[in-house]
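Architecture at a glance
Here is how the chains run, residue by residue.
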Amino acid sequence: MNNFFDILIQKFSNLINLYNKLLSNFFNKLNYKNFSILIVDKRVVITTVVIIVSIVAHFSTPAFYKTDRVKNLLENQLGNEFNFNFDLNNDVHYAMFPRPHFHFKNISLNAKGKKFASIESFRIYLSFKKFFEKEKLKIQYLKIKKAKFNFEITSFPILLKFFDKKLSKLDVDIYDSNIFLKDNDDGTLSILKLDKGKINYDVQTLKNRLLLNGEIFNNPVILSMKNDFNKKDLNLDIDFEKIGIQLKNEINYAEKIKSGLTIVSNYGKNHPIYYSFDKKQFRFKSGKKNKELHLFEGTATLKPFFLKTNINVKDISLKNLIQAESLFMKLVRSNLFLSKNLNLVVNVNSQEVKDYRLLDNLLLKMELNQGMLSFKDSSIELSEIASIKLLNGNFKKKDDLDYFSAEFDINIFDSAKLYKLFQTKKKYRRKIDNINFVINYDFQLDTISIERISIDRETNDSMQNFVKDFNTQENQLKNRVELRNLFNFLIESYEG
């Protein structure tokens, strides 16, 4: 054992001697002339000294600042900048790269004694100005990651008040976070999955700015807001790129009852909407009219949230309304409105139907209740021949397939005219008063199947066989010929 230590000490001594020899050779070769050249350029010396001192001081910063002092200084400065209570904790780390900053984990934001945000990662980047003055830390910008923000639907006036003053010049970057919109009972109405966002005060335009890029109900959305707090004017643009809808909002909130204008754009077509609101109710109407009636108008109450609107048009295209790739069906299938806390009633009235001259007086009533979208008590008239009623229709999901199930009831005013319209063979023209049927429409396959059917509340084996034969084929009923053939096959089956 002693031999081992003796050998180790000997090798260490040899290493020291070698180091001393190299150092001596270096200084022997460094004569006065070489040294004078090195120090002629004072800028080199000064720059070198500054860099060395800065690096040493920088690495000593964690020891220079105590955790409690840092936390208190930052909480006070952030509170003054944003008028929020930043509940920082002692779980703080100092990092040098990419620039000096403090990293806090699992903090919360509070306003008026209520927590509205929890943040998993919160980085405070420091300015080099006054960097070494421990009592005067200067924040450059903030970076928030994996945060959860909670806002009640009635919090809009509070948010408006927040932006109704000059925001901090500090840039706030937000990544990989969620914004929860809730009702008064803490139920979630919708969730905005935020990929990235930015909040700041633009010194060039003298406006507060908010930019969010994320996803809501599986639909990508970009939200951009600019607010002139001096003129009380707010611009809010929302872009749903996937469904081709853009909304441009101009809001003036100088008075007790706020007023605004929204331009809804869809593939080049613009639709103006005027609205006003206070703490209790939201009122809106279209800029265009159909005779004396607005194309649409309605109200929405906030506690609890309920929307009711009437749409009045001169004519409407059923094909553009119900075909799989229409805007309406895209909205329905996007799940944009399917929230258990969102309730609405929409009534659509149209004098004429553009697709077919004999169809008129369309009444379409859509209800959204507890996340279920349905159509009830809707109707359309077939000239003076019959009234077609949609008793109940629901959008359903089964085995990852979307389909629409509906029950129709046809009350026939004049069966002779109905047979003439469909060119039914005369030997099958028996007087009938009612046809009732339930169909299912598959959005993915774009096909229709019949669940059940009856004539004058009766059915028979021939009609059941008709249903089975119909369902074995991929029926789409794209034109009037297919519809005419279907009707005549049904009548023939009814006659046995």
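Below is a short write-up of the structure.

Rules and cut-offs
Positions within a chain are numbered from 1, following the residues in the order the chain's sequence is written. Selection of residues for local features in this predicted model requires a pLDDT of at least 70, selection of side-chain atom pairs for listing and counting requires 80 or more, and totals for whole chains, interfaces and linings are taken over all residues. Heavy atoms throughout the structure, all of them, feed into the side-chain values; hydrogens and water do not. Under the scheme used here, helices are H or I runs from DSSP no shorter than 4 residues and strands are E runs no shorter than 2 residues, and both carry numbers assigned from the N terminus. We call a residue buried when its accessible area falls under 20% of the maximum for its residue type, exposed when it is over 50%, and partly exposed in between, using a 1.4 Å probe and counting protein chains only. By the convention used here, residues are in contact when the closest approach between their heavy atoms is within 4.5 Å. Note on patches: the residues involved have over 30% relative accessible area and no salt bridge, like charges join within 9 Å, and the nonpolar side chains Val, Leu, Ile, Met, Phe, Trp and Tyr join within 5 Å. Areas reported as accessible are Shrake-Rupley estimates using a 1.4 Å probe. Residue values count occlusion only from the protein chains shown. Any carboxyl oxygen of Asp or Glu that lies within 4 Å of a side-chain nitrogen of Lys or Arg is treated as forming a salt bridge with it. Note on charges: Lys and Arg go in the positive column, Asp and Glu in the negative column, and His and the chain ends are not counted at all. Working definition for charges: the position is that of NZ of Lys, CZ of Arg, CG of Asp or CD of Glu. Two strands are said to pair when DSSP picks up at least two bridges between them. Aromatic pairs are defined between Phe, Tyr and Trp rings, using the six-membered ring for Trp, whenever the two ring centres lie within 6.5 Å; interplanar angles under 30 degrees are classed as stacked, those over 60 as edge-to-face, and all others as tilted. Definition used: whenever NZ (Lys) or CZ (Arg) falls within 6 Å of the ring centre and also within 35 degrees of the ring normal, the charge is taken to sit over that ring. Only buried Ala, Val, Leu, Ile, Met, Phe, Trp, Tyr and Cys residues count toward a nonpolar core, and they belong to the same one when joined by side-chain atoms within 4.5 Å. One less than the number of residues in a helix, times 1.5 Å, gives the span that helix is expected to have. Pairing of N or O atoms within 3.5 Å defines a polar contact, subject to two protein rules: one partner must be a possible hydrogen donor and the other a possible acceptor, and residues neighboring in sequence count only if both atoms are side-chain atoms. Note on geometry: axes are C-alpha line fits, over the in-contact stretch for helices, and angles between N-to-C directions span 0 to 180 degrees. When an angle is under 35 degrees it counts as roughly parallel; over 145 it counts as roughly antiparallel; between 65 and 115 it counts as roughly perpendicular; any other value is oblique. If you view the pair so one helix is near and one far, a crossing is left-handed when the near helix is turned anticlockwise from the far one by less than a right angle, and right-handed when it is turned clockwise. Each residue is assigned to one class: nonpolar for Ala, Val, Leu, Ile, Met, Phe, Trp, Tyr, Cys and Pro, charged for Asp, Glu, Lys and Arg, and polar for all the others, Gly among them.

Our next topic: the overall build of the chain. Looking only at helices and strands, one finds 11 helices and 25 strands in the chain. Taking all 496 residues of the chain together, 39% fall into the buried category. Look at the contacts in the chain between residues 6 or more apart in sequence, and 44% of them connect residues 24 or more apart.

Here the phi dihedral of L206 falls at roughly 60°; this positive angle occurs in a residue that is not glycine. Note that L206 resides in the loop between β7 (188–202) and β8 (207–216).

Another aspect to go through is a positive patch on the surface. A contiguous patch of positive charge, built from K256, K279, K280 and K303, is present on the exposed surface. Along the polypeptide, K256 turns up in the loop between β11 (245–252) and β12 (258–266).

Here the focus is the pairing of strand β14 (residues 281–286). Here strand β13 (residues 269–277) runs beside β14; their pairing, made up of five bridges, is antiparallel. In the sheet register, F277 faces β14, and the bridge partner there is F282. Between β13 and β14, which pair antiparallel one after the other, the connecting turn spans three residues. Bridge analysis of β14 against strand β17 (residues 296–302) gives five bridges, and the strand direction is antiparallel. The residue bridging F282 from the neighbouring strand is A300, located in β17.

As a further point, take the packing of aromatic side chains. For the structure shown, the criterion picks out 15 aromatic pairs. Clustering of aromatic rings is evident, with ring pairs tying together Y275, F277, F282 and F284. Stacked on the ring of Y175, the Lys or Arg K143 has its end atom at 5.5 Å from the ring centre.

Counting 112 residues, the largest nonpolar core has L74, F104, F122, I124 and I435 as its most contacted members. Ranked by the residues each element gives to this core, the list is headed by strand β4 (residues 114–126), at six residues. When residues no more than four places from it in sequence are discounted, the contact partners of F104 are L74, L88, N89, D91, V92, E120, S121, F122 and I124.

With that settled, the discussion passes to helix α11 (residues 480–495). With 16 residues, α11 should reach 22 Å at 1.5 Å per residue; the first-to-last C-alpha distance of 23 Å fits that figure. If you check which residues of α11 are buried, you get L486, F487, N488, L490, I491, S493 and Y494. Turning to α11, the residues buried within the fold contact α9 (415–421), β24 (434–442), β25 (447–455) and α10 (461–471).

Here we take up the side chain of E75. Its place among the elements puts E75 in helix α5 (residues 67–82). The class of E75 is buried, set by a relative accessible area of 18%. In this structure the side chain of E75 is engaged in a polar contact, spanning 3.0 Å, whose partner is the backbone nitrogen of L88.

Next up on the list: the packing of α10 against α11. In contact at an axis separation of 8 Å, α10 and α11 are set at 150° when each is read in the N-to-C sense. Between α10 and α11, the interaxial angle falls into the category roughly antiparallel. At the point where α10 passes α11, the crossing takes the right-handed sense. Seen from α10, the contacting residues are S462, M463, F466 and F470; seen from α11, they are L486, F489, L490, S493 and Y494. Looking at the contact of α10 with α11 residue by residue, the classes come out as seven nonpolar, two polar and no charged.

Once that is clear, we can look at the pattern of salt bridges. Inspection of the entire model under this criterion finds 11 salt bridges. A salt bridge links K232 to D164, with the nearest nitrogen and oxygen atoms 2.9 Å apart. Within this pair, whereas K232 is found in the loop between β9 (219–228) and β10 (233–240), its partner D164 is found in the loop between α6 (156–163) and β6 (171–182), the two being separated by 68 residues in sequence. Taking relative accessible area as the criterion, K232 reaches 25% and is therefore assigned partly exposed. Taking the shortest distance from any N to any O, the salt bridge between D173 and K198 comes out at 2.5 Å. Here K198 lies in strand β7 and D173 lies in strand β6, a separation of 25 residues in the sequence.

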